[in-house]
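Geometric and topological summary
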Amino acid sequence: MEQITVLLIDDHRVVRQGLRDFLELQPDIEVVGEAGSGEEGVELARELLPDVVLMDLVMPGIDGVETTRRLKAVSPSSQVIVLTSFADDNKVFPAIKAGAISYLLKDISPEELAHAVRAACRGEAVLHPDVAAKLMQEFNTPRPNEAPVEQLTPREMDVLRLVAKGMSNKEIADTLIVSEKTVKTHISNILSKLHLADRTQVAIYALRKRLVPIDDEE
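Criteria and thresholds
Residues numbered from 1 in each chain as written. Predicted model: local features only at pLDDT ≥ 70, side-chain atom pairs only at ≥ 80, totals over all residues. Heavy atoms only, no water. Core = buried A, V, L, I, M, F, W, Y, C linked by side-chain atoms within 4.5 Å. Buried < 20%, exposed > 50% of the residue type's maximum accessible area, 1.4 Å probe, protein only. Helix = DSSP H or I, 4+ residues; strand = E, 2+ residues; numbered from the N terminus. Contact = heavy atoms within 4.5 Å. Axes fitted to C-alpha atoms, helices over the stretch in contact; angles between N-to-C directions. Parallel < 35°, antiparallel > 145°, perpendicular 65-115°, else oblique. Nonpolar A, V, L, I, M, F, W, Y, C, P; charged D, E, K, R; others polar.

The protein chain has the name DNA-binding response regulator in an unreviewed UniProt entry, where Chloroflexus islandicus is given as its organism.

What follows is the structure in structure tokens.
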């Protein structure tokens, strides 16, 4: 069984220990490092290149949002899960824009956390219901200066819609009968053209533009 490597970044030792104790009970998850500050976390991410990072938001020094931004720059393949006590707008949206794939509150059950780690490793987002509601409100808010979707090629539009439906790169490749490398190239082009940071923002963009149906409209 291939191990999912996880880095913990939280300034509270007891929180890190609790997370480590639980995650190390999972046969497919390995905690490869932990950091008590954002600065230390970025350096460990550069060294360890973990699959998944569990990130606190409120820490001394650089906060979780800036840490996420810097971490994604040194380890782009690492998927960041925000694990915090706060669901305020001024924390949720900056964290997602910085590159976090998932946003969870610390009242999450251990089983839900393990599921979120596995989902993040597959490139899938998991959001706390309160956060999901805020994002739904966010994508329904008009953005007059948003990059126009017309910049995308027809194939990039296909990929954007499939990303918004929650498909992984492999699933998109199988659906479009192309290689995963080609899918990654298309996603990179989409992010660049639309000035977006990650797949979660792509999904929000597609929903806001009504490029894919919302579940209750299907």
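Structural notes on the nonpolar core
Core analysis: the biggest nonpolar cluster contains 25 residues, and Leu160 and Leu194 have the highest contact counts within it. Of all the secondary structure elements, the ones that give two or more residues to this core are α7 (154-164), α8 (169-176), α9 (180-194) and α10 (199-208). If you tally residues by element for this core, the top one is α7, at six residues. Setting aside residues no more than four positions away along its own chain, Leu194 makes contact with Ala147, Pro148, Val149, Leu152, Leu160 and Tyr205.

A word on unusual backbone geometry
Residue Leu49 is not a glycine yet carries a positive backbone phi of 50°. Along the chain, Leu49 turns up in the loop between α2 (38-48) and β3 (52-55).

Focus: the packing of α7 against α9
As a packed pair, α7 and α9 sit with axes 9 Å apart at the nearest point and diverge in direction by 95°. One element, α7, and the other, α9, form an angle in the roughly perpendicular class. Contacts from Arg155, Glu156, Val159, Leu160 and Val163 of α7 reach α9 at His186, Ile187, Asn189, Ile190, Lys193 and Leu194. A class-by-class count of the residues in the contact of α7 with α9 yields six nonpolar, two polar and three charged.

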